[in-house]
Amino acid sequence: MFTENITLSSVNDVKRFVNLVSGYKFKVELISGRYTVDAKSIMGVFSLDLMKPIKMTAYTDDASFIDEVKQFITQ
């Protein structure tokens, strides 16, 4: 399992992120406050408060996935 805080600060960031995670078969969730959504659902992602960092949990240890999502990880 891989957990990090991410930031999706624009519509293009959301589109790129959803397209990226949709290419993998394992489950990826985004958690904001008390809400948890499927990271592969663009409508679910847009329902979150994108002004704050979002907790991402990916049920994998796939190194290529981790490398690809680094661009969204909050510093």
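Above this text is the structure in question.
Residues numbered from 1 in each chain as written. Predicted model: local features only at pLDDT ≥ 70, side-chain atom pairs only at ≥ 80, totals over all residues. Heavy atoms only, no water.

Draft legend 1. Region of interest: the nonpolar core. Residues Ile-6, Leu-8, Phe-17, Leu-30, Met-56 and Phe-65 are the most contacted members of the largest nonpolar core, which totals 25 residues. Listing elements by their share of this core, those giving two or more residues are strand 1 (2-6), helix 1 (11-22), strand 2 (28-32), strand 4 (54-58) and helix 3 (63-69). The leading source of residues in this core is helix 1, at 5 residues. Those residues in contact with Leu-8 that lie beyond four places of it in its chain are Asp-13, Val-14, Phe-17, Val-45, Leu-50, Ile-54 and Phe-72. (Core = buried A, V, L, I, M, F, W, Y, C linked by side-chain atoms within 4.5 Å. Buried < 20%, exposed > 50% of the residue type's maximum accessible area, 1.4 Å probe, protein only. Helix = DSSP H or I, 4+ residues; strand = E, 2+ residues; numbered from the N terminus. Contact = heavy atoms within 4.5 Å.)

Draft legend 2. Representation of the sheet that holds strand 4 in the model. If you walk across this open sheet you meet the 4 strands as 1-4-2-3, and the pairing is antiparallel. The open sheet has two edge strands with one neighbour each: strand 1 and strand 3 (35-38). The sheet shows a mean angle of 25° between the axes of neighbouring strands, direction not considered. Alignment of strand 2 against strand 4, held across 4 bridges, turns out to be antiparallel. Within strand 4, the position partnered with Leu-30 by the bridge is Met-56. (Pairing = 2+ DSSP bridges. Axes fitted to C-alpha atoms, helices over the stretch in contact; angles between N-to-C directions.)

Without other data, these values stay purely geometric and don't point to any function.
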